[in-house]
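Descriptive analysis of the structure
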Amino acid sequence: MTQLRRITKGSLVDTAIDSIRTAIETGQWQTGDRLPVEAELSEALGISRNTVREAVRVLVHVGMLETRQGDGTYVRSSHDGGETLRRMEQAELKDQLEVRQMLEAEAARLAAERRTDDEVQVMSKALDQRAAAGNDVRARIRHDEQFHHALVRAAHNSALVELYSYFSHAITRTIERTELDESLPEPSQEDHEILLAAVRRKDSVRAKQLASALLQPSIDKLNSTR
């Protein structure tokens, strides 16, 4: 049987989830493999069957496991989407900014080609509210997020929208850091307005360049301090 790390302390469910996840990620169980029955998992982990059941339920929810009625529980994926998100949120700020830069630059290119007039109005309203927020940093951050999410939606690419939404927690942290950390260059209101102007006139090449340029000064600053 697969060697699972016995649980001795901490949250039993969380640690059980981590133990089973690790066994899958390290290849002890492959995609398509059937997990041992609940009683065997309980004995291997040193926890109750109820705790095992709850851990399995969570891993089914995040897509790592699949329960087949009357047949058992199978490995569906070697990756836990929720854990991936947590790891992204723990990545260095520079790495997060680079990913955000790539997503937003491509979104801006597509948005310039595909946006509707209504979507331009939504982005314009978000920037007007960002400007009106003045020294209210939290309000400025909120409207900044609204602008960028509207820009991504205007790209009319459902996969990109889902990926950006999935990464949104880490993106929020990057916006907060660039707005609140005085050592990092802050993308100005004018920079955002010029980007929107490129999207409005459907200049996809320029829109991509401008979206990428928004975050480059912060990335350069972080690179220089490494």
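Our subject is the structure listed above.
Residues numbered from 1 in each chain as written. Predicted model: local features only at pLDDT ≥ 70, side-chain atom pairs only at ≥ 80, totals over all residues. Heavy atoms only, no water.

1. Section: the overall build of the protein
Basically, it comes down to this: Segments assigned H or I by DSSP are reported as helices when at least four residues long, segments assigned E as strands when at least two residues long, and all are numbered from the N terminus. Think of it in three bands: residues with accessible area under 20% of the maximum for their type are buried, residues over 50% are exposed, and the middle band is partly exposed, with areas taken using a 1.4 Å probe on protein chains only. Every residue pair with non-hydrogen atoms within 4.5 Å of one another is taken to be in contact. Here the open area of atoms and residues is found with the Shrake-Rupley method and a 1.4 Å probe, where only the protein chains shown may cover a residue.
Scanning the protein from terminus to terminus reveals 11 helices and two strands. Put simply, the protein runs from its N terminus to its C terminus through helices and strands in the order α-α-α-β-β-α-α-α-α-α-α-α-α. Evaluated residue by residue, the protein yields a buried proportion of 42% over its 226 residues. Long-range contacts, defined as pairs at least 24 residues apart, comprise 70% of the intrachain contacts of the protein with a sequence gap of at least 6. By element, 47% of the accessible surface of the protein is carried by carbon and sulfur atoms, the whole surface being about 12,000 Å².

2. Some words on the nonpolar core
What counts here: Among buried residues, the Ala, Val, Leu, Ile, Met, Phe, Trp, Tyr and Cys ones that are joined through side-chain atoms within 4.5 Å form a nonpolar core.
Ranked by size, the top nonpolar core spans 20 residues in total, and within it M123, F147, L151, L195, V199 and A207 carry the most contacts. The set of elements that each furnish at least two residues to this core consists of α5 (93–114), α6 (117–132), α7 (137–153), α10 (189–200) and α11 (204–224). Excluding anything up to four places from it in sequence, L151 contacts E104, A107, A108, A111, M123, L195 and V199.

3. Side note on the environment of S204
Looking at where S204 falls in the secondary structure, it is placed in helix α11. Accessibility expressed as a relative area gives 16% for S204, which makes it buried. Those residues in contact with S204 that lie beyond four places of it in its chain are R109, A112 and E113.

4. Quick look at the pairing of strand β1 (residues 65–68)
Working note: regular strand, side chains alternate between the two faces of the sheet. We apply this condition: Between any two strands, at least two bridges found by DSSP are needed for them to pair.
With four bridges joining them, β1 and strand β2 (residues 72–75) adopt antiparallel strand pairing. When the sheet's bridge partners are listed, E66 is paired in β2 with Y74. Linking two consecutive strands that pair antiparallel, namely β1 and β2, is a turn of three residues; a positive phi of about 75° is found at G70 within it.

5. Some points on α7
What counts here: What a helix should span is 1.5 Å times the count of its residues minus one.
The first and last C-alpha atoms of α7 sit 24 Å apart over 17 residues, in line with the 24 Å expected at 1.5 Å per residue. Three or more residues of α7 are buried, namely A139, R140, I141, H143, D144, E145, F147, H148, A150, L151 and V152.

6. Comments concerning the layout of surface pockets
The condition is simple: Method remark: on a 1 Å grid restricted to protein atoms, a set of points is classed as a cavity if a 1.4 Å probe fits but cannot get out and as a pocket if it is open with protein on both sides within 12 Å along at least five of seven lines; lining residues have an atom within 4 Å of a point. Grid points are joined across faces, edges and corners, and a volume is the space filled by probe spheres set on the points. All amino acids are sorted into three groups, where Ala, Val, Leu, Ile, Met, Phe, Trp, Tyr, Cys and Pro are nonpolar, Asp, Glu, Lys and Arg are charged, and the leftover types, Gly among them, are polar.
What the largest pocket holds in volume is close to 220 Å³. Where the lining of the largest pocket is concerned, the elements lending two or more residues are α2 (38–45), α3 (49–61), β1 and β2. When the residues that make up the lining of the largest pocket are grouped by side-chain class, the tally is six nonpolar, five polar and four charged.

7. Looking at the environment of A133
Its location among the elements puts A133 in the loop between α6 and α7. Separated by 10 residues in the primary sequence, A133 and H143 place their C-alpha atoms 8.4 Å from one another. The residues contacting A133, other than those within four sequence positions of it, are A139 and R140.

8. Description of the packing of α7 against α10
To be explicit about the condition: Only the stretch in contact is used when fitting a helix axis, every axis being a line fitted to C-alpha atoms; angles between N-to-C directions are given from 0 to 180 degrees. Here is the rule for angles: anything less than 35 degrees is roughly parallel, anything more than 145 is roughly antiparallel, 65 through 115 is roughly perpendicular, and the remaining ranges are oblique. Working rule for handedness: look at the near helix, and if it is turned counterclockwise from the far one by less than a right angle, call the crossing left-handed; if clockwise, right-handed.
Between α7 and α10, whose axes approach to 13 Å, the crossing angle comes to 20°. Viewed along their axes, α7 and α10 adopt a mutual orientation that is roughly parallel. Between α7 and α10 the crossing geometry is left-handed. Facing D144, F147, H148 and L151 of α7, the residues of α10 in contact are H192, L195, L196 and V199. Looking at side-chain class alone, the contact of α7 with α10 contains five nonpolar, two polar and one charged residues.

9. Regarding the side chain of R140
Position of R140 among the secondary structure elements: in helix α7. We classify R140 as buried; its relative accessible area is 12%. In this view, R140 contacts R130, A133, G134, N135, E179 and E186; residues no more than four positions away in its chain are not counted.

10. A look at unusual backbone geometry
Backbone geometry at H156 places phi at a positive 55°, although glycine is not the residue there. Mapped onto the fold, H156 is located in the loop between α7 and α8 (158–166). We note that K202 has phi near 60°; this positive angle belongs to a residue other than glycine. Here K202 shows up in the loop between α10 and α11. Owing to a relative accessible area of 49%, K202 belongs among the partly exposed residues under this scheme.

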